[in-house]
Amino acid sequence: MKKTIKKSIALLMTAIMLASTFTFICSAGRETVNVTVTAPKVGEKAEYSLEIENENYIPGILPVLAFEFWRSAENNYEMFGKVPTMDECGDIFRNMADSISSDEDEPYYKSYKAMYSAEADMFKTGIMWFEYDEADLEKLYEQEPSFKNESRKDAIIALFNYSEEYGLGDEIYSSTIKFLKPGDSFVEGKSYACCVQIIKKYDEKALNEVFLTAKALSTYFEKKIEINKKLENADEAEITKLNSELEALDNQYREKLDKYDAAKRNITFGNNPVITVNGNQTEEHTKGLWFAFHDFGEAEKELTMLGR
C-alpha cells in the first residue's frame, strides 16, 4: 500500500509539473494581473476568494490540472481505474492526504497530509494561506545562516521542515508555522503569507470534449493496460502475438483515438500572468507547482477608539 501511495504521488506531481510547464510554453510578454486579497486583520477570518482585476482570468488552476489528467488518460486508468471528473482531479490530492499513514521511512507524512489538502483548496479557490512567527525566522537564520541569502518565500517555506504542527519539530529547533483552513481567524502577534494561482479563461466546451473523448475510450485503455501487463513477463513468441493485439486494438478504436487527439489539440490556456497582490510584486515558485507568493507580515491589530 505504501509503495502504491508513493507511486501515485510521484505520478501526480509529474502531472502538476506538466501543467506548470504547459502554461509556461510561451513566457515572453506575460501580462501583469493584479488580484485583491483582504489583508490579515486580528480576529477576522482568512478569506478564500480572490477579486481579479481582469475579467479574462479566473482563480485556481484546476482546469489546467484536469487537462493534464485527461491528456494522459491511460495513466489515470492504471492509477484510479477511470478518468477523474474535474472536481475529482482536485479532490485526488485530499484523498491521497487521507491515505498517507505514518511511515518510518517517510518522516514528512504529516506535512504531506496538510500540504495536499491545502493545495486541493488552492486549485479551486486560487488561494492558500499559512501562518508563521517572525521569531521562528530569526531562529532559522541562526541555525542555518545560508537562508539569509535566500528569498523571503524560500525562508518562510523552509519553516515547514521544523513545524510543530506537522511533527517535524525537534528539541533543538521547532517552528509554529501551519496552513490555515477555511474558517480560521488571524491571531495577534502572528504573521501571514498567501499563495495565489489564476489562469486565463478557457473554452469550457472544448475542455469538456477532452474529458468526454477520453471517457469514451475506457474499454480501450483497460484492454491496453491488460496487454501491457502481459508483455512485462512475455517470451519472444508471446511478445510478437501481444504486439499484434495492440496494433489490432489501435485499429479497432482508431476513430475514437483520432477524435481524442483532435480534442486535446483544441485546448489552450495561454501564458501564466505575472501576478501582483494588492498592487505589490510577488515572488514566484515554478518548481513542480506554480504559484505567486505574497508575504503580508504581522496581522493588523484592530484600531482602538483612540486610534480612530
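Just so it is clear, the model here is predicted, and its values are computed rather than measured.

Procedures and definitions
Residues numbered from 1 in each chain as written. Predicted model: local features only at pLDDT ≥ 70, side-chain atom pairs only at ≥ 80, totals over all residues. Heavy atoms only, no water. Phe/Tyr/Trp six-rings, centres within 6.5 Å; stacked < 30°, edge-to-face > 60°. Helix = DSSP H or I, 4+ residues; strand = E, 2+ residues; numbered from the N terminus. Buried < 20%, exposed > 50% of the residue type's maximum accessible area, 1.4 Å probe, protein only. Pairing = 2+ DSSP bridges. Core = buried A, V, L, I, M, F, W, Y, C linked by side-chain atoms within 4.5 Å. Contact = heavy atoms within 4.5 Å. 1 Å grid on protein atoms, 1.4 Å probe; cavity = no way out; pocket = protein on both sides within 12 Å on 5 of 7 lines; lining within 4 Å. Points joined across faces, edges and corners; volume = space filled by probe spheres on them. Axes fitted to C-alpha atoms, helices over the stretch in contact; angles between N-to-C directions. Parallel < 35°, antiparallel > 145°, perpendicular 65-115°, else oblique. Left-handed = near helix turned anticlockwise from the far one by under 90°. Nonpolar A, V, L, I, M, F, W, Y, C, P; charged D, E, K, R; others polar.

**Section: the packing of aromatic side chains**
Point 1. Taken as a whole and judged by the stated rule, the model has 18 aromatic pairs.
Point 2. Considering the side-chain rings of W129 and F296, the 5.6 Å spacing of their centres and the 25 degrees angle between planes classify their relative orientation as stacked. Of this pair, W129 sits in strand β4 (residues 127-132) while F296 is found in strand β11 (residues 291-298), placing the two residues 167 residues apart along the sequence.
Point 3. For W129, a relative accessible area of 0% puts it in the buried group.
Point 4. With 6.3 Å between their ring centres and 75 degrees between their planes, F221 and Y260 make a pair best called edge-to-face. In this pair, F221 is assigned in helix α9 (residues 218-231) and Y260 in helix α11 (residues 254-265), connecting sequence segments 39 residues apart. The residues F221 and Y260 share a single accessibility class, namely buried.

**A short note on the sheet that holds strand β2 (residues 51-52)**
Point 1. Strand order in this open sheet of four strands is β2-β1-β8-β9, and the pairing throughout is mixed. Of all strands in the sheet, those bounded by a partner on one side alone are β2 and β9 (280-281).
Point 2. Pairing of strand β1 (residues 32-36) with β2 involves two bridges; the strand directions are antiparallel. Across the sheet, residue T36 finds its bridge partner in β2, namely E51.

**Observations concerning the nonpolar core**
Point 1. By size, the foremost hydrophobic cluster in this structure holds 40 residues, and its most contacted members are W70 and F269.
Point 2. Put simply, the parts of the chain that give this core at least two residues each are α2 (62-71), α3 (73-80), α4 (86-99), α5 (109-125), α8 (204-215), α9, α10 (236-252) and α11.
Point 3. No other element matches α2, which puts seven residues into this core.
Point 4. Filtering out sequence-adjacent residues up to four positions away, W70 remains in contact with N76, V83, P84, T85, M86, C89, L207, V210, F211, A214 and Y260.

**A few points about the layout of surface pockets**
Point 1. Here the second largest pocket is characterised by a volume of approximately 340 Å³.
Point 2. For the second largest pocket, the lining is made up of 17 residues, of which A114, S117, Y166, F179 and K181 are closest to its centre.
Point 3. At the level of secondary structure, the elements contributing two or more residues to the lining of the second largest pocket comprise α5 and β5 (178-179).
Point 4. With six residues, α5 is the single largest residue contributor to the lining of the second largest pocket.

**Considerations on the packing of α8 against α11**
Point 1. Contact geometry for α8 and α11: axes closest at 9 Å, N-to-C directions at 160 degrees. When the axes of α8 and α11 are compared, the pair comes out roughly antiparallel. Between α8 and α11 lies a crossing of left-handed hand. Contact residues: E209, V210, T213 and A214 in α8; K259, Y260, A263 and K264 in α11.
Point 2. For the contact of α8 with α11, the per-class residue count stands at four nonpolar, one polar and three charged.

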